[in-house]
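Notes for the structure review
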Amino acid sequence: MEICRLEHIHKDYRMGEIVTPLKDISLTVDSGDFIAIEGPSGIGKSTLLYVMGTLLKSDEGDYFFERKDVSKLSDREKSVLRAKKIGFLFQDSTMLQALTLRENLAFSQSIGEKTDSHRIDALLERFELKDRENFFPFQLSGGQRRRAMAARALIHKPQLILADEPTNDLDEHWAEEIICILKEQAAQGAAVVMVTHNPLFAGQADRRYRLENGLLINVMEENKEDPKHENETV
Ligand SMILES: Nc1ncnc2c1ncn2[C@@H]1O[C@H](COP(=O)(O)OP(=O)(O)OP(=O)(O)O)[C@@H](O)[C@H]1O
Ligand SMILES: [Mg+2]
């Protein structure tokens, strides 16, 4: 089942010089997909996730979410869409500093108009944060905050999970665990789009792309065509 579709998306930033992170991007994301996007720093990976998360409008091209044209939705309708259907794991910390971890989770849940304390408990357990539920964000370690943000992104059972370098700040065990949790979400029917610099993690995705010169290159097809890569395991 199609969750979202980008068609010929083009995005410029005009701050003095013109930067074109997205030149012509087309991608269809289905329920159950686990997609990795790689590419060097500053190339436009986060920009792509912002467009997919309906936070940023493209200059050209179309973006469809569940076959609805996102450009035809009002700001209010987009907020509702994000609150109910999209889980965003931002690259930087975005928790509300004046709320405890548990309150942050409950707040995110309430925006999606659901309250389910069992879901909060289950996620706190899954991310091994139950004993930190009454801590404020500044009282958590960097890795605990990252796990908390992952829990928050999943709190409303989103159809689309956008994870921007979700393994940042995490030790090896937790980095692997986060990938495992994202895979579980995809197996349960969510679509996951993950930006990562780690080729081992990207290798675990069903589809793997590299963002380059504003275009998405399918890394797997490229490897098939290039005999040099034949014996690579990642
Ligand atoms: N709001 C903005 N206004 C102007 N330029 C921007 C804006 N946001 C991003 N850029 C520029 O667009 C380019 C792509 O940025 P983006 O954050 O998408 O890169 P990235 O691939 O996510 O990089 P990283 O791996 O470092 O996170 C960068 O050159 C950045 O400076
Ligand atoms: Mg980024």
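Residues numbered from 1 in each chain as written. Chains lettered and ligands numbered in written order. Predicted model: local features only at pLDDT ≥ 70, side-chain atom pairs only at ≥ 80, totals over all residues. Heavy atoms only, no water.

1. Focus on the coordination of the magnesium ion (ligand 2)
Filter applied, for reference: Water is not part of the atom set, so a site may look incomplete; the donors themselves are N, O and S atoms within 2.8 Å of the metal, or 3.2 Å for Na, K and Ca. Per the convention used, a helix needs a DSSP run of H or I reaching at least four residues, while a strand needs a run of E reaching at least two, with both numbered from the N terminus. Using a 1.4 Å probe on the protein chains alone, a residue whose accessible area is under 20% of its type maximum counts as buried, one over 50% counts as exposed, and one in between counts as partly exposed.
Within the protein, the atoms that donate to the magnesium ion (ligand 2) are Ser46 (OG) and Gln91 (OE1), at distances of 2.0 to 2.3 Å. Placement of Ser46 in helix H1 (residues 45-52) and of Gln91 in the loop between strand S6 (86-89) and helix H3 (101-111) is noted, with a sequence separation of 45 residues between them. Using a relative accessible area of 17% as the deciding quantity, one classes Ser46 as buried. Residue classification places Gln91 among the partly exposed residues on the basis of a relative accessible area of 28%.

2. Considering the environment of Thr28
Here Thr28 is to be found in strand S2 (residues 17-30). Along the backbone, Thr28 and Cys4 are 24 residues apart, and their C-alpha atoms lie at a distance of 6.0 Å.

3. Quick look at the site of ligand 1
This is how the line gets drawn: For each residue, the test is whether any non-hydrogen atom lies within 4 Å of the molecule or strand; if one does, the residue is near. Method for areas: the Shrake-Rupley scheme with a 1.4 Å probe, in which residue coverage is limited to the protein chains shown.
In the neighbourhood of ligand 1, 13 residues make up the surrounding shell, with Ser41, Gly42, Lys45, Thr47 and Gln91 lying closest. Burial of ligand 1 by the surrounding chains reaches 65%, relative to a free accessible area of 640 Å². Listing elements by their share of the shell around ligand 1, those giving two or more residues are strand S1 (2-15) and H1. Broken down by element, the shell around ligand 1 gets its largest block of residues, three residues, from H1.

4. Observations regarding the environment of Trp174
Applied cut-off: What makes two residues a contact is simply this: any of their non-hydrogen atoms within 4.5 Å.
Structurally, the position occupied by Trp174 is in helix H6 (residues 172-187). Sequence separation between Trp174 and Phe64 is 110 residues; the distance between their C-alpha atoms is 33 Å. When near neighbours in sequence (up to four residues on either side) are disregarded, Trp174 contacts Arg126, Phe127, Glu128 and Arg147.

5. Some thoughts on the pairing of strand S8 (residues 191-195)
As a reminder, the rule being used: Only strands joined by at least two bridges in the DSSP assignment are considered to pair. Place the viewer so that the strands point away; then a crossover is right-handed whenever the path from the first strand over the helix to the second strand goes clockwise.
Counting buried positions along S8 gives five out of five residues, so the element sits mostly inside the fold. Of the two faces of S8, the one lined by Ala191, Val193 and Val195 and the one lined by Val192 and Met194 are each fully buried. Here strand S3 (residues 34-38) pairs with S8 via four bridges, running parallel. Counted as the bridge partner of Ile35 is Val193 from S8. Taken together, the five bridges between strand S7 (residues 160-164) and S8 define a ladder with parallel strand orientation. When the sheet's bridge partners are listed, Asp164 is paired in S8 with Val195. Between the parallel pair S7 and S8, the chain is carried across by H6, and the sense of this crossover is right-handed.

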